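Observations on the model geometry
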Amino acid sequence: NVSNDPLLPKVMTGGSYSVESFVPMASSECSTIRSAMFVYGDAGAVLYWMVIGAADKQKAMEQWRFSALDQTAFVSPSELAKSPFPVYVVEQHEGDLVLIPPDCVCQAVTFGGHVVVLNWYKQNPFSLELAYNKTLPVLRHDCVTPLLPIKALVYNAMLARVDVMERGEMSPGMIDPP
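As a starting point, this report considers the structure included with it. (Residues numbered from 1 in each chain as written. Predicted model: local features only at pLDDT ≥ 70, side-chain atom pairs only at ≥ 80, totals over all residues. Heavy atoms only, no water.)

A word on helix H1 (residues 57-64)
Applied cut-off: For the exposure calls, accessible area comes from a 1.4 Å probe over protein chains only, and a residue counts as buried if that area is under 20% of its type's maximum, exposed if over 50%, partly exposed in between. Here a strand is any run of E in DSSP of at least two residues, a helix any run of H or I of at least four, and the numbering for each starts at the N terminus. In this context, the arc is that of the directions from the helix axis out to the C-beta atoms. Whether two residues are in contact is decided by their heavy atoms, any of which lying within 4.5 Å being enough.
Turning to H1, its buried residues number three or more, namely Lys57, Ala60, Met61 and Trp64. Buried residues of H1 fall within an arc of 95° about the axis and therefore sit on the same side. Close packing links the buried residues of H1 with strand S2 (22-27), strand S4 (46-52), helix H2 (77-81) and strand S7 (105-111).

As structure tokens, this is what we get:
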């Protein structure tokens, strides 16, 4: 039953961005997988996502002096081009879905017109482990309440896993993350 899934997305956000605006550099919410759907755009509008992988997150924060909790930082594309680590650029048009992996840092820039984007955040067992071991300690240190109830998600995920095992429905692929 999907409605009882403890890892369902709990957060959805939307954004309406004008011509040549930007979404600030930020880390994924509670180490979630971010899904961004470009739902509407003026003719010719495009959204560029600049993504830095999780392995280089700390280096990026040090190089451009922003924190994982900072929601105002912006790094110009010309500065990103000089980065000593990979920066992945994704071009998004109306109707496209972009998935940002957990614990990555990303920002977006619009060109050519007004765009509307719908974002939602999902936990899976791998991203939940990242949230518990990496994100939660940072949030606690900075006295910030997590966007998602990480400990409750861990607890409910474990209950769901035990329920599946008790029913004898556990498959080998459910033991190890992909």
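There is more to say after this.
Here's the deal with the sheet that holds S7
Put simply, the rule is: Paired strands, as defined in this entry, are two strands with at least two bridges between them according to DSSP. Here an angle of 0 to 180 degrees is reported between the N-to-C directions of two axes, which are lines fitted to C-alpha atoms, with helices fitted over the stretch in contact.
Pairing is antiparallel across the open sheet formed by four strands, whose spatial order is S2-S7-S4-S5. The open sheet has two free edges, formed respectively by S2 and strand S5 (88-92), since each of these has just one partner strand. Strand-to-strand twist in this sheet, taken as the mean axis angle between neighbours without regard to direction, amounts to 15°.

Quick look at the pattern of salt bridges
For clarity, the cut-off: A pair is scored as a salt bridge if a Lys or Arg side-chain nitrogen falls within 4 Å of a carboxyl oxygen belonging to Asp or Glu.
The full count for this structure, using the stated rule, is four salt bridges. In this structure, Lys57 engages Asp103 in a salt bridge whose closest nitrogen and oxygen atoms are separated by 2.9 Å. Linking Lys57 in helix H1 with Asp103 in the loop between strand S6 (97-100) and S7, this pair joins segments that are 46 residues apart in sequence. Each member of the pair Lys57 and Asp103 is classed as buried. In this structure, the salt-bridge partner of Asp163 is Arg167, at a minimum N-O distance of 2.2 Å.

With respect to unusual backbone geometry
Phi at Asp103 takes a positive value of approximately 65°, unusual for a residue other than glycine. Relative accessible area serves as the criterion here: at 3%, Asp103 is assigned to the buried category.

Some words on the environment of Ser35
Examined against the element boundaries, Ser35 turns out to sit in strand S3 (residues 33-41). With 86 residues separating them in the primary sequence, Ser35 and Tyr121 have C-alpha atoms 6.3 Å apart. The contacts of Ser35, once residues within four sequence positions are left out, are Leu97, Val98, Leu99, Leu118, Asn119 and Trp120.

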